[in-house]
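# Analysis of the macromolecular model
These are the residues of each chain, in order.
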Amino acid sequence: MKTVFMGTPDFAAVILKALTESRHQVAYAVTQPDKAKNRGKKIQYTPVKEIALENGIEVLQPERVRGNEEFIQTLRECRPDIMIVAAYGQILPKEVLELPKYGCINVHASLLPKLRGAAPIQKAIIDGEKETGVTIMQMAEGLDTGDMLLKEAVEIGSMNYSQLHDRLAEMGSKLLLKALDLIEEGKAEPKKQDDSLSTYAHMISKHDGKVSFERSPEEIERLIRGFDPWPGAFCDCGEIVMKLWKAQPLDEDTRGIQPGTVISADEKGMKVACGGRALMVTEIQVPGKKRVKVGDYLKGNRIEAGTVLR
């Protein structure tokens, strides 16, 4: 089929790469505009643009889609059979959704109707979901509300965001190609979502990584995994911002100890009171340094028992 692909981050780039290796033609790759990154303000291509250029695919980067007649006319002239969307970053208007022969389908990283929205992978981990997955969905005007074509689940276990992201991107690639075959053969069986079961995963910001030690050790450990590698779970340790990268809940009663208090710090890790029990933090990072095990950090630095992390 003749396709137009719309996506921006690494998740979408993995799916685009699989599409380029399939029998389907990619007429355009549509992605968000390039942005200046870091202190040098060097322009950085989106991951989807990188894959598109490597495969000789023309790239379109409209500032906005809604009301952009020039962009929409380009799509009309292309006459795609189908448009494929994966973490693009803009809501598509009805005239775009209805433009292709088979409409637009979305590769969404959750088991819809659970976790609609921008950050389903992080929220699945942070909320303590036992499983998540990928849904291939026929797009409608609402946010991730369209009929479902295919779903596949995976157990989250102890995976962090990076690990789960890669697993879901791989699953999504395979599921997309399967869905395209079903659509082309007229065998797709759309299933409506039960809106009463829907939940929402809001967009993540850096501030969301701030740890509240009033929470249980399990909640904090999931926050750490859910925000690894970005934005990272962090707290204030004295005058420095400390990132927490690995931790393990302990069945140790800390009631009566102020949440955030360091109970001990040694080669095993940094034991912290939180939510009435303890959390053993085993890997940290301080500004300007790499991630290290707590034991290695303590070889040249001190974390005094009684220090209160905030």
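Residues numbered from 1 in each chain as written. Predicted model: local features only at pLDDT ≥ 70, side-chain atom pairs only at ≥ 80, totals over all residues. Heavy atoms only, no water.

## Comments concerning the overall build of the protein
- Scanning the protein for helices and strands turns up eight helices and 17 strands.
- Counting only C-alpha atoms and orienting by the principal axes, one finds that the protein spans roughly 65 × 45 × 35 Å.
- The proportion of buried residues among the 310 residues of the protein is 49%.
- Sequence-distant contacts in the protein: of pairs separated by 6 or more residues, those separated by 24 or more amount to 64%.
- Accessible surface, the protein: about 15,900 Å² in total, of which carbon and sulfur atoms supply 47%. (Helix = DSSP H or I, 4+ residues; strand = E, 2+ residues; numbered from the N terminus. Buried < 20%, exposed > 50% of the residue type's maximum accessible area, 1.4 Å probe, protein only. Contact = heavy atoms within 4.5 Å. Areas by Shrake-Rupley, 256 points an atom, 1.4 Å probe, with all protein chains shown as cover.)

## Overview of unusual backbone geometry
- Omega for the peptide link from L112 to P113 comes to 10 degrees, which places this bond in the cis form.
- Of note, the bond from W230 into P231 is cis; its omega dihedral lies within 30 degrees of zero at 0 degrees.
- The residue P231 is located in the loop between helix 7 (217–226) and strand 12 (233–237) in this model.
- Unusually for a residue other than glycine, A87 sits at a positive phi of about 50 degrees.
- Residue A87 is classed as partly exposed on the basis of its relative accessible area of 36%.
- With a phi close to 60 degrees, L115 is a non-glycine residue in the positive phi region.
- Positionally, L115 belongs in the loop between strand 7 (104–108) and strand 8 (116–117).
- Judged by its relative accessible area of 3%, L115 falls in the buried class.

## What to know about the nonpolar core
- Counting 42 residues, the largest nonpolar core has F5, L16, I105, V107, I136, L168 and L176 as its most contacted members.
- For this core, the element with the highest residue contribution is helix 6 (residues 161–184), accounting for ten residues.
- Look past the residues within four positions of I105 in its chain and what remains in contact with it is I82, M83, I84, V85, I136, M137, Q138, M139, L149, L176, L180 and I183.
- Core analysis: the second largest hydrophobic core is formed by 27 residues, L223, A233, L244 and V294 among them. (Core = buried A, V, L, I, M, F, W, Y, C linked by side-chain atoms within 4.5 Å.)

## Re helix 6
- Between its terminal C-alpha atoms helix 6 stretches 34 Å, which fits the 34 Å expected from 24 residues at 1.5 Å a residue.
- Taking the backbone nitrogen of S162 as reference, a side-chain oxygen 3.2 Å away marks N160 as the first, capping residue of helix 6.
- In the segment just after helix 6, G186 is the residue with positive phi, at about 70 degrees. (Expected span 1.5 Å × (residues − 1). Polar contact = N/O pair within 3.5 Å; in protein donor to acceptor, adjacent residues only side chain to side chain.)

## Considering the sheet that holds strand 1 (residues 2–7)
- One open sheet holds the seven strands; their spatial order is 5-2-1-6-7-9-10, and the pairing between them is mixed. For this open sheet the edge positions go to strand 5 (58–60) and strand 10 (148–155), each flanked by a neighbour on one side alone. Strand-to-strand, the axes of this sheet are offset by a mean angle of 20 degrees, without reference to chain direction.
- Pairing analysis gives three bridges linking strand 6 (residues 82–86) to strand 7, with the strands arranged parallel. By the bridge assignment, I84 is partnered in strand 7 with I105.
- Packing of helix 1 (residues 10–20) onto the sheet brings it into contact with strand 1, strand 2 (25–30), strand 6 and strand 7, and relative to strand 1 it is tilted by some 165 degrees.
- This element, helix 2 (residues 47–54), spans strand 1, strand 2 and strand 5 of the sheet and lies at about 155 degrees to strand 5. (Pairing = 2+ DSSP bridges. Axes fitted to C-alpha atoms, helices over the stretch in contact; angles between N-to-C directions.)

Function-wise, these values are silent; they only describe arrangement.
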